[in-house]
Amino acid sequence: MGHLLASPPVAFRPTGGNSVRLTSTIQALSEEEIPPNAIRRKRDSTWRGGFSLGVDLGLARTGLAISKGFNFRPLTVLELRGQKLELRILDIALKQEVDEFIIGLPLSSDGRETPQSNKVRSVAGRLAVRAAERGWRVYLQEEYGTTIEAMSYMVDRGLGKSAREGKQDAYAAAMVLERYFSESGRRIELVLPKQLDLQEKLKKGCTEDADYFTDESD
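Since the model is a prediction, treat every value here as computed from it, not as a measurement. (Residues numbered from 1 in each chain as written. Predicted model: local features only at pLDDT ≥ 70, side-chain atom pairs only at ≥ 80, totals over all residues. Heavy atoms only, no water.)

Participant: Whenever I open this one, the overall build of the chain confuses me. Can you help?
Facilitator: The helix and strand tally for the chain stands at seven helices and eight strands. With 218 residues in all, the chain has 50% of them scored as buried. The long-range fraction of contacts in the chain, counting pairs at least 24 apart against all pairs at least 6 apart in sequence, stands at 67%. Accessible surface computed for the chain: about 10800 Å², of which carbon and sulfur atoms make up 49%. (Helix = DSSP H or I, 4+ residues; strand = E, 2+ residues; numbered from the N terminus. Buried < 20%, exposed > 50% of the residue type's maximum accessible area, 1.4 Å probe, protein only. Contact = heavy atoms within 4.5 Å. Areas by Shrake-Rupley, 256 points an atom, 1.4 Å probe, with all protein chains shown as cover.)

Pasting the structure below:
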């Protein structure tokens, strides 16, 4: 994959309160400064702004799903890698008016990091730098079991084998989004660029973004 970032991003996780702890010496940022959409929705059930893009990164295919208002739906599956994949994801986010990315982080059943976790973190880090330039946030959400959940979801809704063909990754991305919102963002990890100017763009993006209203059938 082509590297778009000279130095690795900084990641931080919610600590259970209204602030987050950085894993470096950079000044900590609060949820008030960079609030994830799940937190906004929890605070105001009528809030419909802040579209979220779910991302299920795979070795060969990447599934995408979208959350607009209270409407979750699988979006598409990309068979791209490296910089082409990252730029395509950003292009789709722009067209869908997304302001945050929820990327599934593959962990083992006991919550341990895996070799695939490192690969996902690398992509998320590069994506976070490009996203921050637009004021968009990138989060990692534990995704263990979402592939099985996606298959069950499709079967329960009567999708036959042919209809399910090639769509499982997109549905898995939808399951990542569903988990993120159902948990109100409690287990997400913000991928924060080390560049202070990009951090300022993230904070500015959160204070100036518009609340988008969309038809529920969109």
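Participant: I would appreciate a short explanation of helix H2 (residues 82–95) in the present structure.
Facilitator: Because the α-helix completes a turn every 3.6 residues, residues three or four places apart line up on one side. In this model H2 runs 21 Å from its N-terminal to its C-terminal C-alpha over 14 residues, within 8% of the 20 Å that 1.5 Å per residue would give. Looking at H2, one finds that the buried residues are Gly82, Leu85, Glu86, Ile89, Leu90, Ile92 and Ala93. End-on, the buried residues of H2 take up no more than an arc of 160°, which puts them together on one face. Turned more than 90 degrees off the buried face of H2, the exposed positions are Lys84 and Lys95. Contacts from the buried residues of H2 go to strand S3 (51–57), strand S4 (62–68), strand S5 (71–78), strand S6 (98–105) and helix H3 (115–132). (Expected span 1.5 Å × (residues − 1). Arc of directions from axis to C-beta.)

Participant: When you look at the confidence of the model for the chain in this model, what are you seeing that I'm missing?
Facilitator: Detailed reading of the predicted coordinates is not advisable wherever pLDDT falls low. Mean pLDDT over the chain: 79, with 75% of residues reaching 70 or higher. Here residues 1–8 is a poorly scored stretch, pLDDT under 50, and it has 19 contacts once near neighbours within four places are set aside; other chains count. (pLDDT = per-residue confidence, 0-100.)

Participant: Sorry, what's going on with the packing of aromatic side chains here?
Facilitator: Each aromatic ring pair is characterised by the separation of its centres together with the angle its planes make. Considering all chains together, one arrives at three aromatic pairs under this definition. Relative to Phe181, the ring of Phe72 lies with its centre 5.5 Å away and its plane at 70°, an arrangement referred to as edge-to-face. Of the two residues, Phe72 is situated in strand S5 and Phe181 in helix H6 (residues 168–182); the sequence distance between them amounts to 109 residues. Cluster of aromatic residues (ring-pair linked, three or more members): Phe72, Tyr180 and Phe181. (Phe/Tyr/Trp six-rings, centres within 6.5 Å; stacked < 30°, edge-to-face > 60°.)

Participant: Please explain the nonpolar core as it appears in this structure.
Facilitator: One broad trend across soluble globular proteins is that nonpolar side chains are buried collectively. Judged by nonpolar contacts, the single largest core of 27 residues is most densely connected at Leu53, Ile89, Phe101, Ile103 and Val138. Top element by residues in this core is H3. It accounts for six residues. Not counting the four nearest positions on each side in its chain, Leu53 is found in contact with Leu64, Ala65, Ile66, Leu75, Ile89, Ala93, Val98, Glu100, Phe101, Ile102 and Leu177. Membership of the second largest hydrophobic core comes to 22 residues, among which are Ile102, Tyr139, Ala174 and Ile188. (Core = buried A, V, L, I, M, F, W, Y, C linked by side-chain atoms within 4.5 Å.)

Participant: What am I meant to see in H6 here?
Facilitator: The end-to-end C-alpha distance of H6, which contains 15 residues, comes to 21 Å, matching closely the 21 Å that a straight helix rising 1.5 Å per residue would cover. If you check which residues of H6 are buried, you get Asp169, Ala170, Tyr171, Ala172, Ala173, Ala174, Met175, Val176, Leu177, Arg179, Tyr180 and Phe181. Just past H6, the residue Ser184 takes up positive phi, approximately 55°.

Participant: What is the right way to look at the packing of H2 against H3 in this model?
Facilitator: Their axes nearest at 10 Å, the elements H2 and H3 cross at an angle of 45°. Compared by their axis directions, H2 and H3 come out oblique. As for the relative orientation of H2 and H3, their crossing is right-handed in sense. Contacts between H2 and H3 involve Glu86, Leu87, Ile89 and Leu90 from the former and Val123, Arg126, Leu127, Arg130 and Ala131 from the latter. (Axes fitted to C-alpha atoms, helices over the stretch in contact; angles between N-to-C directions. Parallel < 35°, antiparallel > 145°, perpendicular 65-115°, else oblique. Left-handed = near helix turned anticlockwise from the far one by under 90°.)

Participant: Can you help me understand the pattern of salt bridges in this one?
Facilitator: Oppositely charged side chains can form a pair if their charged atoms are brought close together. The tally for this structure, following the rule as stated, stands at 13 salt bridges. Taking the shortest distance from any N to any O, the salt bridge between Asp169 and Arg61 comes out at 3.1 Å. With a gap of 108 residues between them, Asp169 in helix H6 and Arg61 in the loop between S3 and S4 connect regions that are remote in the sequence. Residue Arg61 is classed as partly exposed on the basis of its relative accessible area, which comes to 39%. Via salt bridges that share partners, Glu142, Arg179, Glu183 and Arg187 belong to a single interconnected network. (Salt bridge = Lys/Arg side-chain N within 4 Å of Asp/Glu carboxyl O.)

Participant: Explain the side chain of Gln96 to me, please; I cannot follow it from the model alone.
Facilitator: Mapping Gln96 onto the fold places it in the loop between H2 and S6. Accessibility expressed as a relative area gives 16% for Gln96, which makes it buried. In terms of polar contacts, Gln96 uses its side chain to reach the side chain of Lys68, at 2.9 Å. The residues touching Gln96, leaving out its near neighbours within four places in the chain, are Phe51, Ile66, Lys68, Arg73 and Leu75. (Polar contact = N/O pair within 3.5 Å; in protein donor to acceptor, adjacent residues only side chain to side chain.)

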